[in-house]
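Residue-level structure breakdown
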Amino acid sequence: MTVKQRSSQKSPGIVKQPSKTDTCSHSSSERESPHPGPRIEWRRIITRLLMMVPFAAQKEEISKRSVEISCSKDYADELRHFQGCIPKKCGRVIFDTLVTTSEVAALLNIAERGLSVGGSTGGASILDLHSGALSHGNAFVNIFKLEEAKNLFNAQDFKIYRLKIMKSLKKLGSKIKGAAPVVVTKAESVRLNFGELGTCGHVKNKIHHAIANHFGISRSGLYLTHPTFFSRITPVPPQTIHDEYWHPHVDKETYESFHYTSLLYLSDFGHHFDGGRFIFIDKDSNKTVEPRRGRVSAFTSGSENLHCVERVTGGTRYAITVSFTCDPNHAIDDPTVNR
Ligand SMILES: O=C(O)CCC(=O)C(=O)O
Ligand SMILES: [Fe+2]
């Protein structure tokens, strides 16, 4: 997804220039049609219906649903480097009850507040928890350096965290002989408050456990990786390539470090937005995951899981992408500093 690519430092180089038909709004058979020209509408509709098989519908609450898929060859070179972590069993898994309603509400609140000081001119915006990258107009800014963001997270709900951080920083400073007094700038305190959010760390841990457990790998060899970010999608027409989130892609190709991708949805398909279903593009048929608040969809990041997101046609869609790697060199810190 292009919104993910935007938050990567390598992003501009790896954005594949999409062709006009390289879009999630068409089924694979339509994309490959060698006969352009007028089509019969009913045939298109029936083809599309037949080609879309729901893997997880919005209306159902799924405690756990999974499907195993043969792994692609994408992992072959890494198998001996990261034994015990590289997927041997590939697939997809859905958990609707892993993340609580209040955790979703807290995360949605952060997403809304964070994105309220930025946002793309086109329809797709991101806020990266780790790097601070925030969509802003046709580009990106660092939220931690943004004047408007300085008082964004200083409300009551962050008070305790701030005190804890200040205390622990002061303690740390006093322990280091000759250390300069700890001065926490306003911008840093925003960053710390933001990073300190227990919810983010807690949710990340739950997803980490669930993925390791489901795919039968060791937790200690699986790391959070960059980018991990909030996304907000609206039907506003795209202004730059970064707004084009609907192109089919393989996460492991887009981001070399990814081995396991997870998505936590913060809004409901059919209620808060229309379109915007996640689609696994398989040879036999496409499988859809309809976003549902609190739904975690996790999958191995190789080409066995080619996917795309349908264009959002109404409302606003919020999600978080949380990605994991087996490579310690690509590990990032948890989004909390003082748990
Ligand atoms: O938001 C989604 O449902 C999927 C996003 C995606 O494919 C990605 O971030 O790579
Ligand atoms: Fe993706």
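Quick notes on the rules
- Residues numbered from 1 in each chain as written.
- Chains lettered and ligands numbered in written order.
- Predicted model: local features only at pLDDT ≥ 70, side-chain atom pairs only at ≥ 80, totals over all residues.
- Heavy atoms only, no water.
- UniProt positions renumbered as here; feature names shortened; annotations may be inferred.
- Helix = DSSP H or I, 4+ residues; strand = E, 2+ residues; numbered from the N terminus.
- Buried < 20%, exposed > 50% of the residue type's maximum accessible area, 1.4 Å probe, protein only.
- Contact = heavy atoms within 4.5 Å.
- Areas by Shrake-Rupley, 256 points an atom, 1.4 Å probe, with all protein chains shown as cover.
- Disulfide = S-S within 2.5 Å.
- Salt bridge = Lys/Arg side-chain N within 4 Å of Asp/Glu carboxyl O.
- Pairing = 2+ DSSP bridges.
- Donors = N, O, S within 2.8 Å, 3.2 Å for Na, K, Ca; no water.
- Core = buried A, V, L, I, M, F, W, Y, C linked by side-chain atoms within 4.5 Å.
- Axes fitted to C-alpha atoms, helices over the stretch in contact; angles between N-to-C directions.

- For the chain, the name recorded in an unreviewed UniProt entry is 2-oxoglutarate and iron-dependent oxygenase domain-containing protein 3-like, with Homarus americanus as its organism.
- In its Cofactor (unreviewed entry) section, UniProt records this for the chain: "L-ascorbate".

**Some points on the overall build of the chain**
- Secondary structure summary: the chain contains 9 helices and 16 strands in total.
- Of all 339 residues assigned to the chain, the portion counted as buried reaches 53%.
- Taking contacts inside the chain between residues at least 6 apart in sequence as the whole, the part at least 24 apart equals 80%.
- When the accessible surface of the chain is summed, it comes to about 16,100 Å², and 54% of that surface belongs to carbon and sulfur atoms.

**Description of the state of the cysteines**
- Under the definition given, this model contains 3 disulfides.
- Each sulfur of the disulfide joining Cys 71 and Cys 90 lies 2.0 Å from the other. Between Cys 71 and Cys 90, the S-S dihedral sits near 105°, and the bridge is therefore right-handed. Here the residue Cys 71 occupies a position in the loop between strand E2 (65–69) and strand E3 (90–95), and Cys 90 occupies one in strand E3, the gap between them amounting to 19 residues.
- By relative accessible area, which is 2% here, Cys 90 ends up buried.
- Here Cys 85 engages in a disulfide with Cys 326; their sulfurs sit 2.0 Å apart. For the disulfide bridge between Cys 85 and Cys 326, the dihedral angle about the S-S bond is near -75°, and by the sign convention the bridge is left-handed. Here Cys 85, found in the loop between E2 and E3, pairs with Cys 326, found in the segment after strand E16 (317–325); they are 241 residues apart in sequence, far enough to count as distant.
- Look at Cys 326 and you get buried, because its relative accessible area is 3%.

**Notes on the pattern of salt bridges**
- Taken as a whole and judged by the stated rule, the model has 10 salt bridges.
- A salt bridge links Arg 65 to Glu 60, with the nearest nitrogen and oxygen atoms 3.0 Å apart.
- Since its relative accessible area comes to 29%, Arg 65 is described here as partly exposed.
- Residues Arg 292 and Asp 96 are paired through a salt bridge, measuring 3.7 Å at the closest nitrogen-oxygen approach. Here the residue Arg 292 occupies a position in the loop between strand E12 (286–289) and strand E13 (296–300), and Asp 96 occupies one in the loop between E3 and helix H5 (101–116), the gap between them amounting to 196 residues. The same class applies to Arg 292 as to Asp 96, namely buried.
- What you see here is one network of salt bridges that share partners, running through Glu 61, Asp 96, Arg 292 and Arg 295.

**Looking at the side chain of Glu 103**
- Checked against the element boundaries, Glu 103 lands in helix H5.
- Under the relative-accessibility criterion, Glu 103 is labelled buried at 9%.

**Things to note about the pairing of E13**
- Counting buried positions along E13 gives 5 out of 5 residues, so the element sits mostly inside the fold.
- Along E13, one buried face is formed by Val 296, Ala 298 and Thr 300 and the opposite face, lined by Ser 297 and Phe 299, is buried too.
- With 4 bridges joining them, E3 and E13 adopt antiparallel strand pairing. Note that in E13 the partner of Phe 95 across the bridge is Val 296.
- Pairing analysis gives 5 bridges linking strand E9 (residues 260–265) to E13, with the strands arranged antiparallel. Bridging across to E13, Thr 261 finds its partner in Phe 299.

**So, the coordination of the iron ion (ligand 2)**
- Each protein donor to the iron ion (ligand 2) is listed here as His 249 (NE2), Asp 251 (OD) and His 307 (NE2); together their distances run 2.1 to 2.2 Å.
- Sequence spacing of the donor residues for the iron ion (ligand 2), all on one chain, is H-x1-D-x55-H. In this pair, Asp 251 is assigned in helix H9 (residues 251–254) and His 307 in strand E14 (residues 307–309), connecting sequence segments 56 residues apart.
- Among the residues examined, His 307 registers a relative accessible area of 3% and is labelled buried.

**What about the nonpolar core?**
- Membership of the largest hydrophobic core comes to 44 residues, with the highest contact counts inside it found for Leu 107, Phe 230, Tyr 260 and Leu 266.
- Among the secondary structure elements, those contributing two or more residues to this core are E3, H5, helix H8 (198–215), strand E8 (223–233), E9, E13 and E16.
- If you tally residues by element for this core, the top one is H8, at 7 residues.
- Setting aside chain neighbours within four positions, we find Leu 107 in contact with Thr 199, Cys 200, Val 203, Phe 230, Leu 264, Leu 266 and Ile 320.

**Things to note about the sheet that holds strand E1 (residues 52–56)**
- Spatially, 4 strands are ordered E1-E12-E11-E14 in an open sheet, and the strand pairing comes out mixed. If you trace the sheet from one side to the other, it starts and ends with E1 and E14, each paired once. Averaged over all pairs of adjacent strands, the angle between their axes in this sheet comes to 30°, without regard to strand direction.
- Direction of pairing for strand E11 (residues 278–281) relative to E14: antiparallel, over a ladder of 3 bridges. Each residue of the ladder has a partner; that of Ile 279, found in E14, is Cys 308.

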